[in-house]
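What follows is the residue order along each chain.
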Amino acid sequence: MADDLFNSFMNGPDENGRFGDFGGRFVSETLMPLILSLEEEYEKAKTDESFWAEMHDLWTHYVGRPSPLYYAERLTEHLGGAKIYLKRDELNHTGAHKINNVLGQIILARRMGKTRIIAETGAGQHGVATATVCAKFGLKCIVYMGAHDVERQAPNVFRMRLLGAEVIPVTSGRGTLKDAMNDALRDWVTNVRDTFYCIGTVAGPHPYPAMVRDFQSIIGKEVREQMHEAEGRLPDTLIAAIGGGSNAMGLFFPFLDDKSVNIIGVEAGGKGVNMKMEHCASLTGGRPGVLHGNRTYLLQDDDGQILEGYSISAGLDYPGIGPEHAWLHEIGRAQYVSITDKEALEAFQLSCQLEGIIPALEPSHALAHVMKIAGDLPSDHLLVMNMCGRGDKDIFSVAKHLGFDMSGPEGRVFE
Ligand SMILES: Cc1ncc(COP(=O)(O)O)c(C=O)c1O
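Fair warning: this is a prediction, and the values are worked out from it, not measured in the lab.

## So, the overall build of the chain
Here comes step 1: Check the secondary structure of the chain and you find 17 helices and 16 strands.
Here comes step 2: Against the compact-globule benchmark of 22 Å for 415 residues, the chain has a radius of gyration of 20 Å, which places it among compact chains.
Here comes step 3: Its C-alpha atoms give the chain principal-axis dimensions of roughly 55 × 55 × 50 Å.
Here comes step 4: When burial is assessed residue by residue, the chain has 60% of its 415 residues classed as buried.
Here comes step 5: In the chain, the share of contacts with a sequence separation of at least 24, taken over all contacts with a separation of at least 6, comes to 73%.
Here comes step 6: Split by element, the accessible area of the chain, about 16,100 Å² in all, is 50% carbon and sulfur.
Here comes step 7: For the chain, the centre of its 39 positive side-chain charges and the centre of its 55 negative side-chain charges are spaced 4 Å apart.

Dropping the structure here:
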């Protein structure tokens, strides 16, 4: 990797919102003024101490940050290699990393005088976080969610409704995250005046990928300090699951310039990356194209039509990936791998049994990769995995996949 590229990591993206050949701003003329005023507001906020003071106050007293960096002793012993630390972002208010970013965007929306907030959601965690913060500030909230996800993430749909949000099921396509984002963008174009689109990952047109990354970078900043306190040095390897890539970018970004730190993103391999369309591994199985306002790696057919993609995990079920990841992949700064549904389900159970932590299906993918590599690493190798969400939302669908009937008094395993 060229050293000059390496030195420029912390400066990206360029003034056009490009990370190398990726990113940018592919939007209709109607949206352009909005995007520009958001960019202007964000540029102001970045250097405004009162903005960051408000963020830190809410992160501390509302979200419960800093989240712990936890040494997973039994998992480490079981795998018999690297020393495994879990960054416990599943302990945040609302149960995932999503709220780190939502707070930033809602503060910006309030500064811009917007009163109607729209969001897309896959696993429902971003929708829940948005509904939560809107309730706190008395803002109207509309969440677009694929009809298939409405079914498999039912607890989160009820949560959003309790919090006062309107949840709109989207039936186009396969009824998952991509379709929800299409409809949210359609809403935005028609309601430009009072509406703020709160995007849940490092995707969308510039400035969203960089802005969401900056809000999520609190994860990696805390890990740096916590690892220094625990071990007196930098970690050796960072691992995180990738849907659009926001929890991963949040962990990775503050370490991009530390050449000794090995960085691994884990995509959803579904039923196996060789199985046509039965996965959601955009970097491992896709190629560059344009979707949702930016250029990145996408699952697409020979004509450039976006393929639906598939994963057991609603949060990873997105046929694209944030443009900064596409860039890090192309220049070789980060490595991207994929994990199947089956491997993620095994990791889900291991975390419950050995650490007493019920993980979401999304970070279960990251954990499955930890399980693959930890045993071959030396015992002084420090590995940090982002436990970016808790599994409450997933217990019904995991029960179904494991053949467990939850309706009986003691449950029953069908086999
Ligand atoms: C718990 C959890 N982890 C990960 C993701 C994937 O999103 P991202 O890649 O933006 O972190 C989601 C998305 O819904 C999620 O709910």
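## A few points about a nonpolar patch on the surface
Here comes step 1: There is a patch of nonpolar side chains on the surface, built from Ile358, Ile395, Phe396, Leu402, Phe404 and Met406 and spanning about 520 Å² of accessible area.
Here comes step 2: Along the chain, isoleucine 358 falls in the loop between helix H15 (341-355) and helix H16 (361-373).
Here comes step 3: Judged by its relative accessible area of 44%, isoleucine 358 falls in the partly exposed class.

## Notes on the side chain of arginine 116
Here comes step 1: Structurally, the position occupied by arginine 116 is in strand S5 (residues 116-121).
Here comes step 2: For arginine 116, a relative accessible area of 12% translates into the label buried.
Here comes step 3: Here aspartate 187 takes part through its side chain, which lies 2.9 Å from a polar atom of the side chain of arginine 116.
Here comes step 4: Residue contacts for arginine 116: discarding those within four places in its chain leaves Lys140, Ile142, Asp187, Asn191, Asp194, Thr195 and Phe196.

## Describing the UniProt feature "modified residue: N6-(pyridoxal phosphate)lysine" (unreviewed entry) in the chain
Here comes step 1: Following the UniProt record, the feature "modified residue: N6-(pyridoxal phosphate)lysine" (unreviewed entry) maps to Lys98 here.
Here comes step 2: Tracing the backbone shows lysine 98 in helix H5 (residues 98-111).
Here comes step 3: Since its relative accessible area comes to 17%, lysine 98 is described here as buried.
Here comes step 4: When residues no more than four places from it in sequence are discounted, the contact partners of lysine 98 are Gln125, His126, Ala129, Gly200, Thr201, Gln216 and Ser246.

## As for the packing of helix H6 (residues 125-137) against helix H8 (residues 154-162)
Here comes step 1: At a closest axis distance of 9 Å, the pairing of H6 and H8 adopts a crossing angle of 15°. In terms of axis orientation, H6 runs roughly parallel to H8. At the point where H6 passes H8, the crossing takes the left-handed sense. Along its contact with H6, which presents Gln125, Gly127, Val128 and Ala131, the element H8 presents Asn156, Arg159 and Met160.

## Notes on helix H9 (residues 177-190)
Here comes step 1: With 14 residues, H9 extends 20 Å from end C-alpha to end C-alpha; this agrees with the ideal 20 Å at 1.5 Å per step.
Here comes step 2: A large share of H9 lies buried, amounting to 10 of its 14 residues.
Here comes step 3: When we look at burial in H9, the residues that qualify are Leu177, Lys178, Asp179, Ala180, Met181, Asp183, Ala184, Leu185, Asp187 and Trp188.

## Focus: unusual backbone geometry
Here comes step 1: A cis geometry characterises the amide bond from arginine 65 onward to proline 66, with omega recorded as 0°.
Here comes step 2: Position of proline 66 relative to the elements: it lies in the loop between helix H3 (49-63) and strand S3 (69-71).
Here comes step 3: Residue proline 207 is reached from histidine 206 by a cis peptide bond, and omega for that bond is 15°.
Here comes step 4: The residue proline 207 is located in the loop between strand S8 (195-197) and helix H10 (208-216) in this model.
Here comes step 5: Phi angles above zero are rare outside glycine, and histidine 292 is one such case at about 50°.

## Brief notes about the confidence of the model for the chain
Low-pLDDT portions of the prediction should not be read for the details of their coordinates.
Here comes step 1: Here the chain shows a mean pLDDT of 93. Residues at 70 or above account for 94%.
Here comes step 2: Predicted confidence for residues 1-7 stays below pLDDT 50, and this span has 13 contacts to residues more than four positions away or in other chains.

## Some remarks on the domain arrangement of the chain
Here comes step 1: Partitioning the chain into structural domains gives domain 1 (16-60 + 98-212) and domain 2 (66-95 + 217-405).
Here comes step 2: Across the domain 1 to domain 2 interface the summed buried area is about 3,400 Å²; carbon plus sulfur atoms make up 61%.
Here comes step 3: Its largest share of buried area at the contact with domain 2, domain 1 owes to Phe22, Arg174 and Lys178, together 22% of the area lost on that side.
Here comes step 4: Across the contact surface, domain 1 and domain 2 share 2 salt bridges.
Here comes step 5: A salt bridge links arginine 152 to aspartate 317, with the nearest nitrogen and oxygen atoms 2.6 Å apart.
Here comes step 6: Scanning the region where domain 1 abuts domain 2 turns up 18 residue pairs in polar contact (both at pLDDT 80 or more).
Here comes step 7: At 6 residues, H9 tops the list of elements feeding residues into the side of domain 1 that touches domain 2.

The rules behind these values
Residues numbered from 1 in each chain as written. Predicted model: local features only at pLDDT ≥ 70, side-chain atom pairs only at ≥ 80, totals over all residues. Heavy atoms only, no water. Helix = DSSP H or I, 4+ residues; strand = E, 2+ residues; numbered from the N terminus. Rg over C-alpha atoms; globule rule 2.2 N^0.38 Å. Buried < 20%, exposed > 50% of the residue type's maximum accessible area, 1.4 Å probe, protein only. Contact = heavy atoms within 4.5 Å. Areas by Shrake-Rupley, 256 points an atom, 1.4 Å probe, with all protein chains shown as cover. Lys, Arg positive; Asp, Glu negative; His and termini not counted. Charge placed at Lys NZ, Arg CZ, Asp CG, Glu CD. Patch = residues over 30% accessible without salt bridge, like charges linked within 9 Å, V, L, I, M, F, W, Y side chains within 5 Å. Salt bridge = Lys/Arg side-chain N within 4 Å of Asp/Glu carboxyl O. Polar contact = N/O pair within 3.5 Å; in protein donor to acceptor, adjacent residues only side chain to side chain. UniProt positions renumbered as here; feature names shortened; annotations may be inferred. Axes fitted to C-alpha atoms, helices over the stretch in contact; angles between N-to-C directions. Parallel < 35°, antiparallel > 145°, perpendicular 65-115°, else oblique. Left-handed = near helix turned anticlockwise from the far one by under 90°. Expected span 1.5 Å × (residues − 1). pLDDT = per-residue confidence, 0-100. Domains from an automatic or database assignment. Buried area = accessible area lost by both parts, 1.4 Å probe.

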